[in-house]
Amino acid sequence: MQAILRNRKATAGGLILLLIVFVAAFPGLVGRDDPQAAIYGQDLGPSWQHLLGTTQLGQDVFSQLIWGTRLTLIVTVVVSAIATVISMVIGVTAAYVGGLTDRSLSLLTDIFLILPTLPLLIVLASYLPPGTVTLIVVLTFTSWAFQARQLRSQGLSLRARDFLAAARVRGERTSYIILVEIIPTMTSLIVASFLGLSVFVVGFAAGLQFLGLGNSTEITWGTMLYYAQQGGALEAGNALWALAPGAAVALLGAGFALVNYAFDEIGNPALRPVRKRRARTTA
Amino acid sequence: MSLPASAVPDGEGALLHTAGLTRHFRLGGLLSRRMLHAVDDLDLTIHEREIVALVGESGSGKTTVARLLAMIYPPTRGAIFYRGRSVHKLRSRKDVLWYRGEVPMVFQDPYSAMNPVFRVSHGVMRNLKLHRPELDRAQRHEEAERVFDIVGLNPAGDMLRKFPYEMSGGQRQRVGFAQALAVQPKLILADEPVSMLDVSIRAGILNMMASLRAEEGASILYITHDIASARYVADRIIVMYAGHAVEQGPTDVVLSRPKHPYTQLLLSAVPDPREKAVPVSADSGEPPRVIDPGEGCRFRQRCPYAIDKCAKITPALRPMGPAHDAACHVAAAEPLDADGKPAATTVAGSPPAP
Amino acid sequence: MPEPLLEVDNLSVSYLTDTADIGAVDRVSLTVHAGEFLGIVGESGCGKSTLLFAIAQLLTPPAEITSGRVVFKGQDLVQLTDGELRHVRWRDYSVVMQSAMNALNPMKSIAAQFKDTMRAHGRMSADAIRTRSTEVLHLVGIDAAHLDSYPHQLSGGMRQRAMIAMALLFTPQLVIMDEPTSALDVVAQRSLMTQIKELQQQFGFAVIFVTHDMSVVAHYSDRVMVMYAGQVAEIGATSSIFERPLHPYSKGLLDAFPSVHGPRRALTGIPGSPPDLGRPPSGCRFHPRCSEAMAQCTTSEPDLYIVGETEVRCLLYAERLRDAV
């Protein structure tokens, strides 16, 4: 916590995330219009009643953005969380158990890494029934491998640490060692993995939804992009309709990335900026 | 495989003994045939209430011995007997826990031997939970305080709550010993417990080890490369070179009348600030990495007394005096006087004492 | 008395972090004459490595020299620019690091690393480089065949020797060594020390040898400096320090060594641990652990007092100075 506060980048990121979470939790406080209600004038520009204008169907863009936050955030967090857990279990088990287990798990990880993400995402999403659950499953499937290698490396470096041998000599079981002795020492790396992954998931989720592969009946930033494209926002001169969700996606990604700086520095003190001070030199 | 005359026969009085203990490591990939001989044919005995020093340089195999005895990996060949039972054959969790509850290990690096995420009480508490299930929570806490007191970490209550980073290297090593004490051990395997500590801190730990033997009745296998500290705490010394035990016996005897040329070399090389001159030796070699060795003494390339036999036959430990053995073809046993004690003069032709 | 080769004058080094200024080295002065072997002894955290790096101008932020001079052959190294330093480095003084495995490039052969070094500090033909490389390896007792070996193919002792060979490429007048023997076993250590001494006698260079193990320098150094908590505790001729240590810390340190050959006696060690340099104790920095501490030790900071040929930072000797004056 302190590290986040002390690091300016992380504080900025933290504030962004806090804001977004607040909006997701209490959308009613910020956007008073029903986002689905197509009752306003079409393709209106920004005004006091409609801060970001309206859509082609006359819906308030600002409301959509606000109400769409919750689902966007949920999808991102759920996918990142599950993917991180999977990569952690696989990475650490491979590192600690070693041998054939390690080889097979590493092979598995490598296969998933080589698979081209976006095409795979598209293929999977188009074959499975459309919906939020599909979105989550597909995204998790393609993103768990990213961090598994890194977590495995960390696990390997820990294996040489004596406290693991000490746990073994005490008589602890392997499962205990992995869960209680190894994983807690990696929390900072795990959180950093989660945050790093989130940056990508935000983008990929929006990308899939933009292509129409999400659940088009739900309002999220990604589906807003889809509809903006379908509704010819740019041709109609209603650029704001497309830009607003795009900027929001970028903002959320930036929020995660900025907070991640603090965790990078915790994990690796060598990255901490060395602030040179003027020394009081005497002749 | 004949046991040396000074060894105690199976199960009689010895707390732990090994017979032909051997450990090889495969070098290169799965298909490689090259084997690193870390330990070969080691016969080691430890009695109750005894501190035995296992002395050797890096590559001597001493750390491998510690890990074999701690059941971190199994021996390639040979046997380990603890209180008459075959340790290397223990399989059930109950049996393994029994052994681990009597033979704990203290590690060399105080900065890596404790999990930084937990308080220093973690290891002690886990040991108590695993090996002394008859204790309830309050009793466990009492025990934790008791062992911290014994190792000199006072006030115990406060110390137990600290995190490893709040403690110095010396304090952390004491925690290591406290963890070992928590199980009420019969034998503590101490793998170079003071090597990474500053010299002024070592004395405290060494003194503590001696008192553990006296007060708690534990035996200690003290593994070290520092022969001076071995002299200070150990009752018996076993000198290892390139995977073999080359000399063993009571500390004073081995250090004052070393029979094996390697022991003599080691002793002459130890710098002592209180001594005046430095004995000069032409030896600039280092212990070899023993890969696929043949027969023959592994010290022969560096030995000033080597004869033909040394290249052909691996010397076995043979008696040099009461309870004192050396594995050398050239070393001659002590002549005994009428009382059966070693005579004052050395026999001509034997390697001279320093 | 001829000009000293190296004169460190009131050198202080601090680690300037955003949270605190940690004074790692506090007003250390020492001199080294041509051909002299000075041992700097101290435990972890005493600042000896920092001092070494400061002298060699190898400090990196956040460590900085905050005051003092390092006068080497008449020039204050602290004031020189990088370009100017390059002329002096390796030709006039060189450094041997603690762990050869850390300092040698594992991806390059010994010959290649020697070549890099020679190219960095002067112009020589490829032939001359090869010849010189062979020469220095020969000096340290390594077969020239190992020129094409990689560091991991050499044993620990040989790697350290290769490092020393590298330091001698330009036959400098001063070689600074940071615990070169600490990773070696006793026999290899003894033989390396003997080699260093022989080379020193052959080429006449001065040596500054930093170590935590007093016994290693006992038979090789001319003078010894004992450091504690960033300060000089005692400095004098080796024989004086070892036979009649004046500072209670020096005494404690010597007493903490179990002896192999001498009589067996109880060891006491020094209770407590070195202080946090961010908040050193008031008065004498050693007083919390000192068995001979007096009342004024908690309040007055001792200066370096001269007792015969030795200087010692201890109030026990303050009276003598006043008496002498």
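Residues numbered from 1 in each chain as written. Chains lettered and ligands numbered in written order. Predicted model: local features only at pLDDT ≥ 70, side-chain atom pairs only at ≥ 80, totals over all residues.

### So, the overall build of chain B
- Looking only at helices and strands, one finds 11 helices and 13 strands in chain B.
- When each of the 354 residues of chain B is scored for burial, the buried share is 49%.
- Pairs at least 24 residues apart make up 62% of the contacts formed inside chain B by residues separated by at least 6 positions. (Helix = DSSP H or I, 4+ residues; strand = E, 2+ residues; numbered from the N terminus. Buried ≥ 20, exposed ≤ 12 C-beta atoms within 10 Å, placed from the backbone. Contact = placed C-beta atoms within 7 Å.)

### Comments concerning the overall build of chain C
- Along chain C, the regular secondary structure elements total 11 helices and 12 strands.
- Computed over C-alpha atoms, the radius of gyration of chain C comes to 21 Å, within 12% of the 20 Å expected from 2.2 N^0.38 for 325 residues, which places it in the range of a compact globule.
- Summarising its shape, the C-alpha atoms of chain C cover approximately 65 × 50 × 45 Å along the three principal directions.
- Sorting the 325 residues of chain C into buried and exposed places 48% on the buried side. (Rg over C-alpha atoms; globule rule 2.2 N^0.38 Å.)

### What to know about helix α12 (residues 221-230) of chain A
- Within α12(A), eight of the 10 residues are buried, leaving the element largely enclosed by the surrounding structure.
- Following α12(A) by one or two positions, A:Gly232 adopts a phi angle in the positive range, close to 60 degrees.

### Examining the environment of A:Val259
Residues and elements named next belong to chain A.
- Within the secondary structure layout, Val259 lies in helix α13 (residues 239-267).
- Classification of Val259 by C-beta neighbours within 10 Å gives buried; the count is 24.
- Separated by 198 residues in the primary sequence, Val259 and Val61 have C-alpha atoms spaced 28 Å apart.

### A few points about the sheet that holds strand β2 (residues 21-32) of chain C
Residue and element names in this part refer to chain C.
- Here four strands make up an open sheet; going across it, the order is β2-β1-β4-β5 and the pairing antiparallel. The open sheet has two free edges, formed respectively by β2 and β5 (75-76), since each of these has just one partner strand.
- Relative to strand β4 (residues 63-72), strand β1 (residues 6-16) runs antiparallel, the two being bridged by eight bridges. When the bridges of β4 are listed, Val8 appears paired with Val70.
- On the sheet, helix α1 (residues 48-55) packs against β1, β2 and β4 and is oriented at approximately 65 degrees with respect to β2. (Pairing = 2+ DSSP bridges. Axes fitted to C-alpha atoms, helices over the stretch in contact; angles between N-to-C directions.)

### A short note on the packing of helix α4 (residues 61-97) of chain A against helix α5 (residues 99-114) of chain A
Residues and elements named next belong to chain A.
- Two elements in contact, α4 and α5, have axes whose closest approach is 7 Å; the angle formed by their N-to-C orientations is 150 degrees. Read as a crossing pair, α4 and α5 show a hand that is left-handed. Contacts between α4 and α5 pair Ile90, Thr93, Ala94 and Val97 from the former with Gly99, Thr101, Asp102, Leu105, Ser106 and Thr109 from the latter.
- A per-class count over the contact of α4 with α5 returns four nonpolar, five polar and one charged. (Left-handed = near helix turned anticlockwise from the far one by under 90°. Nonpolar A, V, L, I, M, F, W, Y, C, P; charged D, E, K, R; others polar.)

### Regarding the interface of chain B and chain C
- On the side of chain C, 35 residues touch chain B, which itself brings 35 residues to the contact.
- Contributions of two or more residues to the side of chain B that touches chain C are made by α7 (199-216), α8 (227-233) and α10 (261-269) of chain B.
- With eight residues, α7(B) is the single largest residue contributor to the side of chain B that touches chain C.
- Residue classes in the side of chain B that touches chain C are distributed as 17 nonpolar, nine polar and nine charged.

### Thoughts on the sheet that holds strand β7 (residues 105-106) of chain B
Residues and elements named next belong to chain B.
- The strand order β7-β8-β9-β4-β10-β11-β13-β12 describes an open sheet built from eight strands, whose pairing is mixed. Looking at strand neighbours, the two that pair on one side only are β7 and β12 (318-321), the edges of this open sheet.
- In this structure, strand β8 (residues 187-191) lies alongside strand β9 (residues 219-224), joined through five bridges in parallel fashion. Each residue of the ladder has a partner; that of Leu187, found in β9, is Ser219.
- Contacts from helix α1 (residues 62-69) reach β4 (51-55), β7, β8, β9 and β10 (236-241), with the element oriented near 145 degrees to β8.
- Strand contacts of α7: β4, β8 and β9, with the helix running at about 155 degrees to β9, the strand carrying the most contacts.

### Observations regarding the pairing of β2(C)
All names here are of chain C.
- With eight bridges connecting them, β1 and β2 associate as antiparallel partners. Within β2, the position partnered with Ser14 by the bridge is Gly23.
- Between β1 and β2, which pair antiparallel and follow one another directly, the connecting turn spans four residues.

### Examining the confidence of the model for chain C
- Residue-level pLDDT values for chain C average 85, and 97% of them are 70 or greater.
- Quick note on the complex model: pTM equals 0.80, ipTM equals 0.80. (pLDDT = per-residue confidence, 0-100.)

### Looking at unusual backbone geometry
- At the junction of B:Asn154 and B:Pro155, the peptide bond is cis and its omega measures out at -10 degrees in the coordinates.
- Among the secondary structure elements, B:Pro155 is positioned in the loop between α4 (137-150) and α5 (156-160).
- Not every positive phi belongs to a glycine, and B:Gln184 is a case in point at roughly 60 degrees.
- Within the fold, B:Gln184 resides in the loop between α6 (169-182) and β8.
- By C-beta crowding, B:Gln184 is classed as partly exposed, having 17 other C-beta atoms within 10 Å.
- Look at C:Arg27: it is not a glycine, yet its phi comes out positive at around 45 degrees.
- Tracing the sequence through the fold places C:Arg27 in strand β2.

### With respect to the domain arrangement of chain C
All names here are of chain C.
- What the domain assignment lists for chain C is domain 1 (6-92 + 172-280) and domain 2 (108-169).
- One C-alpha centre belongs to domain 1, the other to domain 2, and the line joining them spans 26 Å.
- With 13 residues of domain 1 in contact, the opposing surface of domain 2 contributes 14 residues.
- Across the side of domain 1 that touches domain 2, the residue classes tally to nine nonpolar, one polar and three charged. (Domains from an automatic or database assignment.)

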